[in-house]
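Overview (structure and organization)
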Amino acid sequence: FSKWFSIVLFCFLCTYFFLAFILSRITVEGKHEPNSTVMIYLMKSGGHTDFVLPIKTDVIDWTKTFPRENTGFNDTTTKLIAVGWGDKNFYMNTPEWGDLTFKTAISAMAGLGNSAIHATYHYEILSDRPVIKLFLSKKQYQELVNYIQQQLVKDPHGKTCFIPAKNKKVVSGNDAFYAAHNRYSMILTCNSWINRGLKACHKRACLWTPFAGGIFYQYGK
């Protein structure tokens, strides 16, 4: 049994990585609209990608969605906010890769747990990691905002659901976690979530990608 299981698992992983490579190279073309003056970033941290957005524009003030009071520092001098999505259990219990357990990994890959959005306030774009700069029109930015807002679980009053971190090592002081919709899996990863957001605001994206490399490939990075 173990021999056949190993063979099936090997074939599955080969197929998965093959499809991930091929489909991430197929481009979903975006649109360049006039008056594209809203500057955002895609920022890669290890294998994870975040949207990095201006905290306040005519379209939205993100401090109303992700209150600074939920962060340890409550620093009003920050200018950008990074927004990413992922498996809640992984986020809340894995401050470093060395803390990852087999149970957490299997639960995340199989889509067995809930998800969360990680919102981090920044003073400026970080220079020690790969970054893509994008310009969106006001309409495109509104579409991206709508996409992110629709991913958030909200109470009857329309407030986001803050998730306090029991393990203080998973937060840095300028960040917090919020309950989100959908389940993380091998099909819908943190990078797939970003890729869907790019499609939602009509910017260049992959047909599908579970990895950050696919997104950055589309922008020549």
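Structure first, text after, so check above.
The structure displayed is predicted, hence computed values, not measured ones.

How each quantity is defined
- Residues numbered from 1 in each chain as written.
- Predicted model: local features only at pLDDT ≥ 70, side-chain atom pairs only at ≥ 80, totals over all residues.
- Heavy atoms only, no water.
- Helix = DSSP H or I, 4+ residues; strand = E, 2+ residues; numbered from the N terminus.
- Rg over C-alpha atoms; globule rule 2.2 N^0.38 Å.
- Buried < 20%, exposed > 50% of the residue type's maximum accessible area, 1.4 Å probe, protein only.
- Areas by Shrake-Rupley, 256 points an atom, 1.4 Å probe, with all protein chains shown as cover.
- Lys, Arg positive; Asp, Glu negative; His and termini not counted.
- Charge placed at Lys NZ, Arg CZ, Asp CG, Glu CD.
- Pairing = 2+ DSSP bridges.
- Contact = heavy atoms within 4.5 Å.
- Axes fitted to C-alpha atoms, helices over the stretch in contact; angles between N-to-C directions.
- Expected span 1.5 Å × (residues − 1).
- 1 Å grid on protein atoms, 1.4 Å probe; cavity = no way out; pocket = protein on both sides within 12 Å on 5 of 7 lines; lining within 4 Å.
- Points joined across faces, edges and corners; volume = space filled by probe spheres on them.
- Nonpolar A, V, L, I, M, F, W, Y, C, P; charged D, E, K, R; others polar.
- Parallel < 35°, antiparallel > 145°, perpendicular 65-115°, else oblique.
- Left-handed = near helix turned anticlockwise from the far one by under 90°.

**A closer look at the overall build of the protein**
- The number of helices and strands found in the protein is 6 helices and 9 strands.
- Here the C-alpha atoms of the protein give a radius of gyration of 18 Å, agreeing with the 17 Å that 2.2 N^0.38 yields for 221 residues.
- Along the first, second and third principal axes, the C-alpha atoms of the protein reach 60 × 45 × 35 Å.
- Burial analysis of the protein (221 residues in total) assigns 48% to the buried set.
- If you sum the accessible surface of the protein, you get close to 12100 Å²; carbon and sulfur atoms cover 60% of it.
- Of the charged side chains in the protein, 25 are positive and 15 negative; the average position of the first set lies 5 Å away from that of the second.

**Topic: the sheet that holds strand 4 (residues 80-87)**
- The strand order 6-2-3-4-5-8-7 describes an open sheet built from 7 strands, whose pairing is antiparallel. Two strands in the sheet have a free side with no partner beyond their single neighbour: strand 6 (131-136) and strand 7 (162-163).
- Sheet topology note: the strand 5 (residues 115-122)/strand 8 (residues 175-180) ladder contains 6 bridges and is antiparallel. Counted as the bridge partner of T120 is D175 from strand 8.
- Together, strand 2 (38-45), strand 3 (48-54), strand 4, strand 5, strand 6 and strand 8 form the strand contacts of helix 4 (residues 138-151), whose direction differs from that of strand 3 by roughly 125°.
- Helix-sheet contacts for helix 5 (residues 190-200) involve strand 2, strand 3, strand 4, strand 5 and strand 6, and the interaxial angle to strand 3 is about 40°.

**Focus: helix 4**
- The end-to-end C-alpha distance of helix 4, which contains 14 residues, comes to 20 Å, matching closely the 20 Å that a straight helix rising 1.5 Å per residue would cover.
- Buried residues of helix 4: Q140, Y141, E143, L144, V145, Y147, I148, Q149 and Q151, and no others.

**Side note on the layout of surface pockets**
- Approximately 1200 Å³ is the volume attributed to the largest pocket.
- Residue lining of the largest pocket: 42 residues in total, with S45, H48, F90, Y91 and W97 positioned closest to the centre.
- The leading source of residues in the lining of the largest pocket is strand 4, at 4 residues.
- Here the lining of the largest pocket is composed, by residue class, of 23 nonpolar, 13 polar and 6 charged.

**Examining the packing of helix 4 against helix 5**
- Between helix 4 and helix 5, the shortest axis-to-axis distance is 8 Å and the interhelical angle comes to 140°. Overall, the two elements helix 4 and helix 5 adopt an arrangement that is oblique. Crossing of helix 4 against helix 5: the hand is right-handed. Where helix 4 approaches helix 5, its residues E143, L144, Y147, I148 and Q151 are matched on the opposing element by W193, R196, G197 and A200.

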